[in-house]
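# Reading the structure
What follows is each chain in one-letter form.
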Amino acid sequence: MTDAQPGRPTENAMRRALKRARDGVALDTAEAAVLLQARGEQLRDLSASAARVRDAGLEAAGRPGVITYSKKVFIPLTRLCRDRCHYCTFVTVPGKLRREGHGMYLSPDEVVEVARQGAALGCKEALFTLGDRPEDRWPEAREWLDAHGYDDTLAYVRAMAIRVLEETGLLPHLNPGVMSWTDLQRLKPVAPSLGMMLETTATRLWSEPGGPHHGSPDKEPAVRLRVLEDAGRSNVPFTTGVLIGIGESYEERADALFQLRRIQRQYQSIQEVIVQNFRAKPDTAMRAMPDAELEELAACIAVARHVLGPAARIQAPPNLVDSEYALIVGAGIDDWGGVSPLTPDHVNPERPWPHIDQLAERTRESGFELRERLTVYPEFIARGEPWLDPRLLPHVRALADPETGLAREDALPKGLPWQEPDEGFTASGRTDLHRTIDTEGRTGDRRADFDAVYGDWEALREQAAPGMVPQRIDSDVREALAQAADDPTRLSDDQALALLHADGPALDALCSIADDLRRATVGDDVTYIVTRNINFTNVCYTGCRFCAFAQRRTDADAYTLSLDQVADRAAQAWEVGATEVCMQGGIHPDLPGTAYFDIARAVRERVPGMHVHAFSPMEVVNGASRTGLSIRDWLTAAKEAGLDSIPGTAAEILDDEVRWVLTKGKLPAADWIEVVKTAHELGLRSSSTMMYGHVDQPRHWLGHLRTLAAIQQETGGFTEFVTLPFIHTNAPVYLAGIARPGPTTRDNRAVTAMARVLLHPHITNIQTSWVKLGAEGAAEMLRCGANDLGGTLMEETISRMAGSRYGSYRSIEGLRAIATLAGRPARPRTTLYGEVPAERVAAAEASDGHLPELLPLAD
C-alpha cells in the first residue's frame, strides 16, 4: 500500500470511495472529500459514474441527451457594493465610476436599452447583477437612490425588473446578493427566478484576517445559508452554487455541497447548482493565487452530481473551462448557464462567452444536444403555483414550449403588462363553508398537495424531535410561587420556567395566584365582544404545517368571497348587534396587494360604524410586498381605507427554531415584531397571541411571553393576549406524525396562569378560547387568570377545519353561561375594551347574537 501524499487520501480510501460511487451508495462528507481529490484515471472513473447519474436524471425529466443553456443579457445595475471580496473585479468605487463617466447605477433608460437590444437578438433572460446594498457603505449610492425616489437598492431592482418585463418581455433573473425573507417577498412577483452563490461554508475564510471574504458582512456562510432557506420557504426557484479554489479545504468544499443537498431536500427550491472555478484576476488582492485547475473543477462537478443526485441541475460556466468541454460534460453537468450574444461576462470580463453555435458544436461532440431554456427551469414551470407569481405567468408562457417547458427558440420576447390577475374578487368555490362546516364537515382530512406543499416531512421529523416530549426540570417551585405572589414582575427566567412546568398542588397554587392577580387588575367581570369572523378566502400556498384551513384553488373545500359578500356579511352582523368584524384570509396568489384596502373600504362604506379588525402581520407583509410599499406606508394606506386594528395572529411561537417546523413560508419572528410595532406606532392597536402544544416546549412559551411584554412596554399597543391551544386533528404536522396531539389540560392551565403573571402589568386582558376548549374548558381558564372570552364569532372555519368540536358561533347567552360556570358576571366590550353603546347592546340582546336565516349567502 502506498502512503498518502501530504493532504492526499490513501489509495485504499480513494478505491473505497470510488466503488461506493460506482455502486450508487450514498456518500458521506469524508468520502466526498476524498473523491474531490480524484485526478487522472481516478477522475475518469468518478466522472463515468457521475455521468450515469446525470443521464438517469435527464431521462426522468423527459429530455434525455439534452444539455441546456439560457440566452441572456447581462445588466450590471450597479458595480458598487458594501463588501470587500479579495478576488472581485466587478466591484468598483464611486470615484472611478465618475472618472469613467458613469453614474452610481445604470439609469432606467440604460437598463431598458440593454434589454431591448437583447430581445432583438432573441435573448429571453435579463440577468441583473449588482453589489450588495451599496447604500450602506457609499453615501453617493444613498444620494442617487434618494434623488431618484427609491428607498433602497432592492426597490430600484424591483422597479427595473417590472420595466424590463413590460417594455421588452425579457424574463428577469435577479442576483442582488443577500436578501431577507421580506426582500424575497418583494422580488418574487417581478422575477421568475432569483439567485445567490453560496460559494463556501468555510467560516474561517470570512472571519479570519487575510481571508478572501474578510470584511464582507454578506459573505458569512450562516447568512448565505439562511437566504437559501428563506428562498425555499418562500417557494422561489433559486440558483446557487459553489466557488472552488479560494482557500477552502476539500472537507469544507464537501460540506458546502452537503449543505446544498440538505436545503434542497427540505424545500425542493434549488433550480440549479453552479460549480465555478476560481480564476485569479489582476488588480485584486488574490491576483497571485493559483487558478483552480480544470481537473479539480471536473472532480467537484462529479462529486456534486453524486451528492445532489439525478434530479439536480448542475452547471459550469462555459467561458471558464478553456477548451475542455468534453471533460466538463463527462463529469456530469446538464447545463451551461447563461450565454450572451450581446454583453460580456462582467464578473469575468477577461473570459468572453463562446458563440452559441460553437457551444452547440462542442456539446454535440460530447454526444449531447444543446437546447435553450428560460431563466426558470422547466420543472418549476410545470409545478406552477406557488412557484410562479400569477403576474409573471403570461410572460413565462409567451416564451415557454407548452410541452417541454424549455424555451421556444423561435419566440422573440415582446413586452407585456405586469399586472394583477383579472379574476380579483370573483366569488368561487365552497362559499357556504362557514355554515356547512358544522353540518357537512370538510371534504377530506388533508389538501391534495399534502406531500409537496409543506416541504420534506422526514427532514422536519428530525428537526422537530426535541419538541415532541416537553422536558421537565427540577427547580424550587415553592420559591417561584412565593415570588409570583409577592411581585410577579421580579420573577427570574428560571423561576418562570419552573412555574410553567408546575403540576398538581403547585399548579393549583399558581392558578390561584394568577386568579388573585386578575381580580386585583381587572376585577371579576368576564368580558366578551359581539363580533363576526369573515375569512374571505382559504386559498393559500404558504405551507403552514399546522393549518388545516388552507386549500389549493382546485380543492373541493376551497373558496373566495366577492367584495359584496364580505360587505353583506358585515351588514348582517351589524343587524344583530355586532361592533366588530374580524377579517383574515389565506395568501391567495391572485388577490392583489390592494385587495386588503378594498375589503376594509367595502365594510366601511356598507357599515360605517363597524370596527374593522383585520389582516394578520402575514397578510400585511404580503400586501406590502405585492404593492411594493413599505410596511409603514401599506399600513397607513390600509388605515385610510378603513382599517381600525389588526389581529396579532400569525405569531404562533415567536422563536424561529419552532416556527420553521410549524410553517414552511410564514414570516419570521423578527418580521412579525416589525409589523406589530409599526402598526402600534401608527395608532393601529392589535391583539397578541400564542399557539402552543405542538413541537414547542415551556422554554419557548417563556421566550414568547417575554417578547410580548417587551413590545408592550415599548408601544403600549396590545389590547389583549389570546391563548390558542393547538388543534391537532386535521393539522398536517400532526397527520405526518411530527406534532403532539395538542396541549394537555395541565399545559392550558399553566399557560393561562403564566400569561397573567408574566404579562403583568403590561397586558392586562387575558383571553381564553371557547372555540378550542369548549364551555367547561374555557370556564376553567377563567379560574386560572383569564378575564375575557373573545367573541360570538357567528362563523368560525379555521378551528373547525382543524377539527375543533365546539361549533362556529356562540350566543350571548352561551357566553354568559360560561362566565356563570366560573362563578363570575359577564359584560360586553368593544375591540379596545371600552363600553359598548346602548344601541348596540339592545340590538345584540334582541337577537342574542344569532345571525338571521339569511346566513348562507347566495353566491
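Note that this is a predicted model, so its numbers are computed, not measured.

So, how was this worked out
- Residues numbered from 1 in each chain as written.
- Predicted model: local features only at pLDDT ≥ 70, side-chain atom pairs only at ≥ 80, totals over all residues.
- Heavy atoms only, no water.
- Helix = DSSP H or I, 4+ residues; strand = E, 2+ residues; numbered from the N terminus.
- Buried < 20%, exposed > 50% of the residue type's maximum accessible area, 1.4 Å probe, protein only.
- Contact = heavy atoms within 4.5 Å.
- Areas by Shrake-Rupley, 256 points an atom, 1.4 Å probe, with all protein chains shown as cover.
- Salt bridge = Lys/Arg side-chain N within 4 Å of Asp/Glu carboxyl O.
- 1 Å grid on protein atoms, 1.4 Å probe; cavity = no way out; pocket = protein on both sides within 12 Å on 5 of 7 lines; lining within 4 Å.
- Points joined across faces, edges and corners; volume = space filled by probe spheres on them.
- Nonpolar A, V, L, I, M, F, W, Y, C, P; charged D, E, K, R; others polar.
- Phe/Tyr/Trp six-rings, centres within 6.5 Å; stacked < 30°, edge-to-face > 60°.
- Pairing = 2+ DSSP bridges.
- Axes fitted to C-alpha atoms, helices over the stretch in contact; angles between N-to-C directions.
- Parallel < 35°, antiparallel > 145°, perpendicular 65-115°, else oblique.
- Left-handed = near helix turned anticlockwise from the far one by under 90°.
- Polar contact = N/O pair within 3.5 Å; in protein donor to acceptor, adjacent residues only side chain to side chain.
- Core = buried A, V, L, I, M, F, W, Y, C linked by side-chain atoms within 4.5 Å.
- Expected span 1.5 Å × (residues − 1).
- Arc of directions from axis to C-beta.

Below, the discussion takes up the overall build of the protein chain. The helix and strand tally for the protein chain stands at 35 helices and 21 strands. Taken over 859 residues, the protein chain has a buried fraction of 62%. Counted over contacts in the protein chain with a minimum sequence separation of 6, partners at least 24 positions apart contribute 78%. A total of about 30,800 Å² of accessible surface is found on the protein chain, and carbon and sulfur atoms cover 50% of it.

A complete count under the given rule lists 62 salt bridges for this structure. Note that arginine 373 is salt-bridged to glutamate 272, the shortest N-O span being 3.4 Å. In this pair, arginine 373 sits in strand 9 (residues 369–373) while glutamate 272 sits in strand 6 (residues 270–277), placing the two residues 101 residues apart along the sequence. Across the pair, glutamate 272 and arginine 373 agree in class, each one buried. The network of salt bridges with common partners includes Arg63, Arg305, Arg313, Asp334 and Glu379.

A complete count under the given rule lists seven cavities of 30 Å³ or more for this structure. Computed from the structure, the second largest cavity encloses a volume of approximately 350 Å³. Surrounding the second largest cavity, 20 residues form its lining, Gln185, Lys188, Ser234, Ile587 and Asn622 being those nearest its centre. Residues of the lining of the second largest cavity, tallied by class, amount to eight nonpolar, seven polar and five charged.

Tallied over the full model, the rule gives 14 aromatic pairs. Their ring planes at 75° and their centres at 5.5 Å tell us that tyrosine 325 and tryptophan 336 sit as a pair that is edge-to-face. In this pair, tyrosine 325 sits in helix 13 (residues 325–330) while tryptophan 336 sits in strand 8 (residues 335–339), placing the two residues 11 residues apart along the sequence. Judged by its relative accessible area of 4%, tyrosine 325 is buried. Owing to a relative accessible area of 0%, tryptophan 336 belongs among the buried residues under this scheme.

This paragraph deals with the side chain of histidine 760. Along the chain, histidine 760 falls in the loop between helix 31 (745–759) and strand 19 (766–767). Note on histidine 760: relative accessible area 18%, which makes it buried. Those residues in contact with histidine 760, other than ones at most four positions away along the chain, are Pro488, Thr489, Leu517 and Thr521.

Let us now look at the pairing of strand 8. In terms of residue burial, strand 8 counts as a mostly covered element, since five of its five residues are buried. Relative to strand 8, strand 1 (residues 66–78) is paired through three bridges, and the arrangement is parallel. Counterpart to serine 70 in the pairing with strand 8 is glycine 338.

Of the two faces of strand 11 (residues 526–529), the one carrying Val526 and Tyr528 and the one carrying Thr527 and Ile529 are both buried. Two elements, strand 11 and strand 21 (residues 826–828), share three bridges in a ladder whose sense is parallel. Each bridged residue has a counterpart across the sheet, and for threonine 527 the counterpart in strand 21 is arginine 827. Direction of pairing for strand 11 relative to strand 20 (residues 788–791): parallel, over a ladder of two bridges. Looking at strand 20, one finds that threonine 527 is bridged to aspartate 788.

In contact at an axis separation of 9 Å, helix 1 (residues 11–22) and helix 3 (residues 40–61) are set at 20° when each is read in the N-to-C sense. When the axis of helix 1 is compared with that of helix 3, the two are roughly parallel. Relative to helix 3, helix 1 is oriented so that their crossing is left-handed. For the pair helix 1 and helix 3, contact is made by Met14, Leu18, Ala21 and Arg22 and by Gln42, Asp45, Leu46, Ser49 and Arg52, respectively. Here the residues of the contact of helix 1 with helix 3 sort into four nonpolar, two polar and three charged.

A few words now on the environment of glutamine 271. With respect to the helices, strands and loops of the structure, glutamine 271 is situated in strand 6. Taking C-alpha positions, glutamine 271 is 9.0 Å from isoleucine 314, a pair spaced 43 residues apart along the chain. Setting aside chain neighbours within four positions, we find glutamine 271 in contact with His173, Ser193, Pro237, Phe238, Thr239, Arg313, Thr375, Val376, Tyr377 and Phe380. Within the local environment of glutamine 271, its side chain forms a polar contact with the backbone oxygen of threonine 375, the two atoms lying 3.0 Å apart.

Grouped together as the largest cluster of nonpolar side chains are 125 residues, with contacts concentrated most on Met583, Phe615, Trp634, Trp672, Phe721, Met754 and Leu759. When residues of this core are assigned to their parent elements, the largest contribution, eight residues, is made by helix 31. By size, the runner-up hydrophobic cluster in this structure holds 117 residues, among which are Val242, Leu308, Val329 and Leu374.

In this model, helix 31 (15 residues) spans 21 Å end to end at C-alpha, consistent with the 21 Å of a helix rising 1.5 Å per residue. With 14 of its 15 residues buried, helix 31 lies for the most part within the structure.

Here we come to the environment of histidine 213. Within the fold, histidine 213 resides in the loop between helix 9 (204–207) and helix 10 (221–233). On the basis of relative accessible area, histidine 213 is assigned to the buried category, the value being 1%. When neighbours within four sequence positions are excluded, histidine 213 is seen to be in contact with Cys85, Tyr87, Glu199, Thr200, Leu205, Trp206, Lys219 and Ile246.

For helix 35 (residues 838–847), the complete set of buried residues consists of Arg840, Ala843 and Ala844. For helix 35, the angular spread of the buried residues around the axis is 95°, confining them to a single face. Exposed and oriented more than 90 degrees from the buried face of helix 35 are Ala838 and Ala846. Looking at the buried side of helix 35, the elements it contacts are helix 23 (563–575) and helix 34 (812–821). Of the residues one or two after helix 35, aspartate 848 is the one with positive phi, at around 60°.

With omega at 5°, the peptide bond leading from glutamate 385 into proline 386 counts as cis. Summarising the element assignment, proline 386 is placed in the loop between helix 15 (378–383) and helix 16 (393–397). Each neighbour pair has its own omega, and for histidine 760 with proline 761 the value is 0°, a cis peptide bond. Relative to the helices and strands, proline 761 is located in the loop between helix 31 and strand 19. Backbone geometry places glutamate 199, a non-glycine residue, at a positive phi of 70°. As for its placement among the helices and strands, glutamate 199 is situated in the loop between strand 4 (193–195) and helix 9. In this structure glutamate 199 comes out as buried when scored by relative accessible area, which is 10%.

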